[in-house]
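Below are the chains, spelled out letter by letter.
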Amino acid sequence: MSRAARTLLAFGAAAAALAGIPATLALGNGPAAPATAPATAPATAPATASSRIVGMRRLTEAQYRATIADVFGPDIKVAGRFEPIVRPAHELIASGARDAALSPAGLEQFDAMARGIAAQVFDAGHRAQFVPCVTPDDACARATLAPLGRLLWRRPMTAMELDAHVRMAGAAAKAAGSFDKGLELALAAMLVNPQFLYVVETAVPDASGALVLDDHARASRLSFTLWNTTPSEALLRAADAGDLRDPAKLQAIVRKMVDSPRFEAGVRAFFADMLLFERFDALSKDPLLFPYFNSAVAQAMPEQMLRTVTDHLLVRNGDYRQLFLTNRTFMTRALGGLYQVPVHKASGWEPYEFAPGDDRAGLLGQAGFLAMYSQTGRSSPTLRGRAVRELLLCQPVPDPPGNVNFTAVQDTANKAMPTARVRLTAHMTDENCSGCHKLTDPVGLGLERFDGIGSWRTTENGAAIDPAGKLDKLEFTGASGLGKLIAASEDAPICAASRALEYVRGRPSDDSGALVEALVKAFADDGYGIRGLFLKAMTAPDAWRVEEKPLQANTHVSLLVR
């Protein structure tokens, strides 16, 4: 049994205890209970006797918040600390979510958030939106909880699940002397249940006997991938009707989703994952060395990158490869000081275009990328070169050995070694270090005209900076030269397609060569547009197939609250 599966077993019992009810939670190979749909949905069961759980992914903080806003409204506040999902080496957080455990403290945080949300949902200002009846009895509780459970758990609740929550609401209402307090407890239990906190993927055999995701699992994957939120009622109805298994209907649904303005949320989440945006959370710089760096600049850096990405790929339907060449971006007054460009608006964002040939062209010239892959008090050709290879070209670089001496590199005040190029020579010639540094440093040294926060410079310690770089056997000059090489590289679109497939399935695509090739071809046929890439990734039949990993013998499958 996987670590995540073992965690889920323990987590179910703990969640039930926090909700004040007995619970059973098991994970394995067995039939799922039949579903009972609420009165507002078609009475079709989502699973068959052959349906089985094949995986689960924990919601990210952004997905949790978006789900609460979509189900209950944007004025419902989510207050609490989210335990981070650990990124596996050389993989996406989307892959880490598949094996994400929760500590007892993390579970307590989710319970506190759930209770706070439930109290708001049934307060005087919101109650009428969610309680469709006036008689405070079990029938009213059922009519209230069934549609909410369907939206929160992304499938109709089973009869057993709904009955349990109705009983829970009744018992709590009797104890508290308040029908609304009973509804609060039942809703809080739904929100702390693994069926909400994890996207539980269930699969059925297809005509050939291979396991493929079932209808409601497909709806969840579509929505969380493309819109970074829970499935809408329309998408759940499509799942109820079996439309997501019809190739023509699926194609039309996905096309509509990637053409929707909501696709921007999915693109933002994908690139934030692909480019390791969690590094911005810990970004710090020496204020004496970098006076232009402040909290306003730090907050604007990731947003500038994402605005550039979405403007180019979505608003303009641009070629992905041109992201490394585009002169278009957006500025705030705070960023204007760092970039040394005029910004007319006192607040907010305004478009800006660098002059042709400017070394700021493309993502590699943006302060966010350059600052994120630098040290606190200096630039880092090694970090920048590694980021280019690993994130943009999917070429993993080994970690440095534990006994590396960084003294020479860190001694930025040494006038005898004034530039990073000179200081890094020692690592390039040391046999313990040269293997990795020959991969990273020639790439990153081409970006040395930008300091540790991405500000432009031509000298370091009074010595002229040489912006020459080398990517494998290809020489370039500056960030714009490196951008041209990446844009012309065959590896860049292959890497993007591979990452997109990993993002969709929540696991690396190392074993999916044929499917990656198909994605790359579709990517190219669409002019390397991001919509075409995700359209193919979400409609290719092989993308819905899953591997069945055997669990412990005699382990029963259910996610039931009794």
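Every value quoted in this text rests on a predicted model; they were computed, and no experiment measured them.

### Quick look at the overall build of the chain
Piece 1. Counting its secondary structure elements, the chain contains 25 helices and nine strands.
Piece 2. In the chain, which comprises 562 residues, the share counted as buried stands at 56%.
Piece 3. For the chain, the share of sequence-separated contacts (at least 6 apart) that also reach a separation of at least 24 residues comes to 70%.
Piece 4. Accessible area of the chain: about 23300 Å², with a carbon and sulfur share of 56%.

### Notes on the state of the cysteines
Piece 1. Applying the stated criterion across every chain yields a total of two disulfides.
Piece 2. Through a disulfide, C133 is tied to C140; the S-S separation comes to 2.0 Å. One quick way to see it: the torsion about the S-S bond of C133 and C140 is about 90°, and its sign makes the bridge right-handed.
Piece 3. Judged by its relative accessible area of 21%, C133 is partly exposed.

### Topic: the layout of surface pockets
Piece 1. Here the largest pocket is characterised by a volume of approximately 960 Å³.
Piece 2. Considering the residues around the largest pocket, the lining is formed by 36 residues, among which T60, E61, A62, I93 and A272 are closest to the centre.
Piece 3. Of all the elements in the fold, those that place two or more residues in the lining of the largest pocket are β1 (52–58), α2 (61–72), α3 (93–96), β2 (198–205), α10 (215–226), α13 (263–274) and α14 (295–315).
Piece 4. In terms of residue class, the lining of the largest pocket is made up of 20 nonpolar, five polar and eleven charged.
Piece 5. When we break the lining of the largest pocket down by domain, the ones giving at least three residues each are domain 1 (34–215) and domain 2 (277–488).

### Some remarks on the environment of Y528
Piece 1. Within the element layout of this structure, Y528 appears in the loop between α24 (513–525) and α25 (530–539).
Piece 2. Along the primary structure Y528 and A496 are separated by 32 residues, whereas in three dimensions their C-alpha atoms are 9.9 Å apart.
Piece 3. Beyond its immediate chain neighbours, meaning those up to four positions away, Y528 contacts G318, D319, Y320, R321, P493 and F523.

### A short note on the packing of α24 against α25
When two helices pack together, their arrangement is given by the angle between their axes and by how far apart the axes lie.
Piece 1. Closest axis-to-axis distance for the α24/α25 pair is 8 Å, and the angle between their directions is 145°. The handedness of the crossing between α24 and α25 comes out as right-handed. Note on element contacts: α25 touches α24 through I530, L533, K536 and A537, opposite A518, L519, A522 and F523.
Piece 2. Classifying every residue of the contact of α24 with α25 by side-chain character gives seven nonpolar, no polar and one charged.

### What to know about empty space enclosed by the protein
Piece 1. A full pass over the atoms with the stated rule returns two cavities of 30 Å³ or more.
Piece 2. Looking at the second largest cavity, its volume works out to about 30 Å³.
Piece 3. Lining the second largest cavity, in full, are T308, T326, N327, R328, T329, F354, R360, A361, G362, L363 and Q366.
Piece 4. Considering only residue class, the lining of the second largest cavity consists of three nonpolar, six polar and two charged.

### Here's the deal with the pattern of salt bridges
Piece 1. Under the criterion given, the structure shown has 37 salt bridges.
Piece 2. Residues R87 and D273 are paired through a salt bridge, measuring 3.2 Å at the closest nitrogen-oxygen approach. Of this pair, R87 sits in the loop between α2 and α3 while D273 sits in helix α13; the two residues are 186 residues apart in sequence, bridging distant segments of the chain. Take R87 and D273: they sit in the same class, and that class is buried.

### Focus on the side chain of R384
Piece 1. Mapped onto the elements of the fold, R384 is located in helix α17 (residues 381–392).
Piece 2. Once residues lying within four places of it in the same chain are set aside, the contact partners of R384 are F369, L370, Y373, S374, S379, G444, L447, E448, F450, D451 and G452.

### Digging into α25
Piece 1. In terms of burial, α25 is a largely internal element, nine of the ten residues being buried.
Piece 2. Those residues of α25 that fall on the buried side of the exposure criterion are I530, R531, G532, L533, F534, L535, A537, M538 and T539.
Piece 3. On its buried side, α25 packs onto α10, α12 (247–259), α13, α14, α23 (491–505) and α24.

### So, the environment of Y198
Piece 1. Topologically, Y198 is positioned in strand β2.
Piece 2. For the pair Y198 and A97, spaced 101 residues apart in sequence, the C-alpha to C-alpha distance is 8.8 Å.

### Looking at the pairing of β2
Piece 1. Here β2 lies mainly inside the structure; seven of its eight residues are buried.
Piece 2. Both β1 and β2 contribute to a ladder of six bridges, which runs antiparallel. Across the sheet, residue R52 finds its bridge partner in β2, namely A203.
Piece 3. Judged from the three bridges that link them, β2 and strand β3 (residues 211–213) form a sheet pairing that is antiparallel. Of the residues in β3, the one forming a bridge with A203 is L213.
Piece 4. Counted between consecutive antiparallel strands, the loop separating β2 from β3 contains five residues, among which G209 sits at a positive phi close to 95°.

### A short note on helix α11 (residues 233–240)
Piece 1. For α11, the complete set of buried residues consists of L235, L236, A238, A239 and D240.
Piece 2. Backbone geometry just after α11 places G242 at a positive phi near 80°.

Analysis parameters
Per-chain numbering applies: the sequence of each chain, read as written, is numbered from 1 onward. Local features in this predicted model are restricted to residues whose pLDDT is 70 or higher, and side-chain atom pairs enter the listing and the counts only when it is 80 or higher, whereas totals over whole chains, interfaces and linings include all residues. For the side-chain quantities, the full set of heavy atoms in the structure was used; hydrogens and water were omitted. To qualify as a helix, a DSSP run of H or I must reach at least 4 residues; to qualify as a strand, a run of E must reach at least 2; elements of each kind are numbered from the N terminus. For every residue, the accessible area (1.4 Å probe, protein chains only) is compared with the maximum for its type, and the residue is labelled buried under 20%, exposed over 50%, or partly exposed between those bounds. Contacts are assigned to residue pairs with any non-hydrogen atoms lying within 4.5 Å of each other. Using a 1.4 Å probe, accessible areas were evaluated by the Shrake-Rupley method; residue-level cover was limited to the displayed protein chains. Disulfides are defined in this document as cysteine sulfur pairs within 2.5 Å. Each cavity reported here is a set of points on a 1 Å grid over the protein atoms alone in which a 1.4 Å probe fits but cannot get out, each pocket an open set with protein on both sides within 12 Å along at least five of seven lines, and each lining residue one with an atom within 4 Å of a point. Grid points are joined across faces, edges and corners, and a volume is the space filled by probe spheres set on the points. Basically, the charged four are Asp, Glu, Lys and Arg, the nonpolar ten are Ala, Val, Leu, Ile, Met, Phe, Trp, Tyr, Cys and Pro, and anything else, Gly included, counts as polar. All the domain ranges listed were derived from an automatic or database domain assignment. Only the stretch in contact is used when fitting a helix axis, every axis being a line fitted to C-alpha atoms; angles between N-to-C directions are given from 0 to 180 degrees. Here a crossing is called left-handed whenever its near helix is offset anticlockwise from the far helix by less than a right angle, and right-handed whenever the offset is clockwise. By definition here, a salt bridge exists when the distance from a side-chain nitrogen of Lys or Arg to a carboxyl oxygen of Asp or Glu is within 4 Å. Strand pairing is assigned whenever DSSP detects at least two bridges linking the two strands.

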